[in-house]
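A look at the structure
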Amino acid sequence: MSLEDFHRNFRSDMQTIIAERVEGGEGPFPSEELVFAEMVMEHVAETGICEAPTVCHWNGQVGNAKLRITGYALSSDETALDLFVTHYFGTDELNDLRDSDAAATASEGVRFLFRAAGGNLETRIDPTHPVRDLVATIRSRWNDLDRLRVFVITDGRTKTKRFSNKEVHQKMVAVEAMDMERLFRHTDGKPRDELALSLVQTIGRPLPCVHVPDPDADYEYVLTAIPGQLIRDLYLRFGSRLLEANVRTFLGSKKTVNKGIAETLKKEPEHFLAFNNGLVLVCDEAAFERSDDGSVGLSFLKGLQIVNGGQTTSTIYFASRDDRTIDLSHVMVPAKIIILKGSQDDARERLISNVSRFANSQNAVKMSDLSANRPFHVQLEKLANETWCPDGAGRWFYERAAGAYNVMLLREGTTPARRRKLKEMVSPKRKLTKNDIAKYHEAWRGKPNQVAMAGEKNFAAFMTALDEDPGIVPSPLDARWYRAVIAKVILFKEIESMIKTKEAKEVFRQGWVNIATYVVAVVSNRLGDRLDLEQIWLKQGISAGLRHLLWDWAVVVNSEFNRIAPGQQFSEVAKRAETWSNIRAADYPLPQGHAQEVRNV
């Protein structure tokens, strides 16, 4: 698939989504630009570049300065903020966006950030607009914000993807373009390409190393020591994307190993190289240069992944962030780097999996954590492909591998007519990712505060729960379970769509996904098996009576959010365990007989 094909397909998918929303009566005719922004922001979150985003369009002017944002993503600990600003062409042809125009668009977001942080923007915004809560959060949490980024999201193509940093009130703001070319790389299975590092530009010289090439092997080997400050900067820039091939996540500084790392950083930084086991990294490409003394040094890495040492990496970042007395200038971290060779993607991924497996074997890591082909996902994909909706004309699509839906359209939709027929049969609205399944399943399982962590974090928690208690799903998965899951998806989507209409926004001003998540959890808690999920599957929808009940319960959930934390972002409040305790204990109107999906006791 070419970039131009990808652009046409992306635009076609967007128009299909718009048509479905109009047909479904989801409020006024949706803006193409905002639907495009929503699709891109969701993709950015699924790729792990940011946390769950919120579409929040606002524009204004202070003096002669134009301010604008289209959405934002705030990390769960409120230390990282991403703002999104659109530059939308809306044409069938792929346009080039000049760097000067992209920078001008980014400046609108940077100015918004500047004014919000300075405290002189909040009073200029309509109190009923959801962006006002974001402005209040930026102002109150400014000193704690550690990573700031402004993304220009565009349906064009930019020459530059990362622009010069901007300074806002003594903090550096990274500016990036998320254009069609960058999206295409992700969908085409090359998201690691973005994890690139020029050591010469970063530390001013090649990194001394021992390089062991082997023309007969499928990898090359490098042994080196990486400056602690560079490790910190890499984690700040790339976050958890650095650790996608790592089988363990950050365990918190209370764990023995992490506490020991933090203590060494603080008290004996010069001994870190001697005390720490170090990192194991893999990369897709590497380059070497001669240093001033004539020795070989590592100058460039691309497609970087830390497969062992995730706790070391994240502890260096969090410990130095939380304790400003820690000096990383004397910290060196031992590192083994595996440079992948060969052009077969499957073989490369198998090698990464095995390197991760054996590098982590001292702690008895489960094999299921290392394989993208674990039985749950394979069985779910098979059920989705084989289970047709009651009308016999359409089905849902489970995207076990990123980009599989577009691959299917490209492979089978060889003509415009065939592509249209495919999208009628398997609508983009019925596409489900691994993160989607985790969201709907765990909301019903009574874990709404976990679901609020969003994306990869909720998915990882779901997979861990599945390992610890395989009984939370049948083994093997069966058609009845699958139909019930789809019914829960329908339930969730119905709630979300009804509270996002223009009229509903007079009541529900923010946190629509969070409200829907909590309503589903309440439904599961209060109704459980009394709700006839099979009936929802058969209708591929819900009755007017059930819709009225869900509306009433959503109003209660919304009121509870406002009561618990007035003026705060729902997306952050939703992550607290006590929020679920309060919302679960609230009073909800009893279901009446007109909700035909609710069985009588």
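Attention in this report is confined to the structure presented alongside it. Quick caveat, the model's predicted, so the values are computed rather than measured.

Some words on unusual backbone geometry
A cis amide bond, omega -5 degrees, links S475 with the succeeding residue P476. A positive phi is found at H169, a non-glycine position, where the angle reads about 50 degrees. As for its position among the elements, H169 is in the loop between strand 7 (162-168) and strand 8 (171-178). Positive phi outside glycine occurs at Q540, with the angle close to 50 degrees.

Topic: the environment of A37
Here A37 is to be found in helix 2 (residues 32-46). Of the residues examined, A37 reaches a relative accessible area of 0% and is grouped as buried. Excluding residues within four positions of it along the chain, A37 makes contact with T70, T86 and I153.

Considerations on the sheet that holds strand 3 (residues 80-87)
Spatial ordering of the open sheet is given by 1-2-3-5-8-7, a layout of six strands whose pairing is mixed. Looking along the sheet, the strands with just one partner apiece sit at the ends: strand 1 (54-62) and strand 7. Across this sheet, the average inter-strand angle for adjacent strands is 30 degrees, counted without regard to direction. Pairing of strand 3 with strand 5 (residues 147-154), which is carried by eight bridges, proceeds in the parallel orientation.

Considering helix 4 (residues 131-141)
Residues of helix 4 that are buried include every one of V131, D133, L134, V135, A136, T137 and I138, and no others. Looking at the buried side of helix 4, the elements it contacts are strand 1, strand 2 (65-74), strand 3 and helix 3 (99-118).

What to know about a nonpolar patch on the surface
Among the surface-exposed residues, V210, V212 and L223 lie close enough to one another that they form a single nonpolar patch of about 240 Å² accessible area. Relative to the helices and strands, L223 is located in strand 11 (residues 219-227).

Overview of the side chain of E494
On the secondary structure map, E494 appears in helix 18 (residues 479-499). If we skip the residues at most four places from it in the chain, E494 touches G541, I542 and R547.

Looking at the pattern of salt bridges
In this structure the tally under the stated criterion is 34 salt bridges. For D96, the salt bridge identified is with R157, shortest N-O distance 3.0 Å. Taken together, the residues D96 in strand 4 (residues 96-97) and R157 in strand 6 (residues 157-158) connect sequence positions 61 residues apart. Residue classification places D96 among the exposed residues on the basis of a relative accessible area of 54%. In this structure R157 comes out as partly exposed when scored by relative accessible area, which is 24%. For the salt bridge of K161 with E181, the shortest nitrogen-to-oxygen distance reads 2.8 Å. With a gap of 20 residues between them, K161 in the loop between strand 6 and strand 7 and E181 in helix 5 (residues 180-187) connect regions that are remote in the sequence.

What about the environment of D293?
The residue D293 is located in the loop between strand 13 (285-290) and strand 14 (296-302) in this model. The class of D293 is exposed, set by a relative accessible area of 64%. Here the side chain of D293 touches S295 through a polar contact of 2.6 Å, side chain to side chain.

Reading guide: rules and limits
- Residues numbered from 1 in each chain as written.
- Predicted model: local features only at pLDDT ≥ 70, side-chain atom pairs only at ≥ 80, totals over all residues.
- Heavy atoms only, no water.
- Helix = DSSP H or I, 4+ residues; strand = E, 2+ residues; numbered from the N terminus.
- Buried < 20%, exposed > 50% of the residue type's maximum accessible area, 1.4 Å probe, protein only.
- Contact = heavy atoms within 4.5 Å.
- Pairing = 2+ DSSP bridges.
- Axes fitted to C-alpha atoms, helices over the stretch in contact; angles between N-to-C directions.
- Patch = residues over 30% accessible without salt bridge, like charges linked within 9 Å, V, L, I, M, F, W, Y side chains within 5 Å.
- Areas by Shrake-Rupley, 256 points an atom, 1.4 Å probe, with all protein chains shown as cover.
- Salt bridge = Lys/Arg side-chain N within 4 Å of Asp/Glu carboxyl O.
- Polar contact = N/O pair within 3.5 Å; in protein donor to acceptor, adjacent residues only side chain to side chain.

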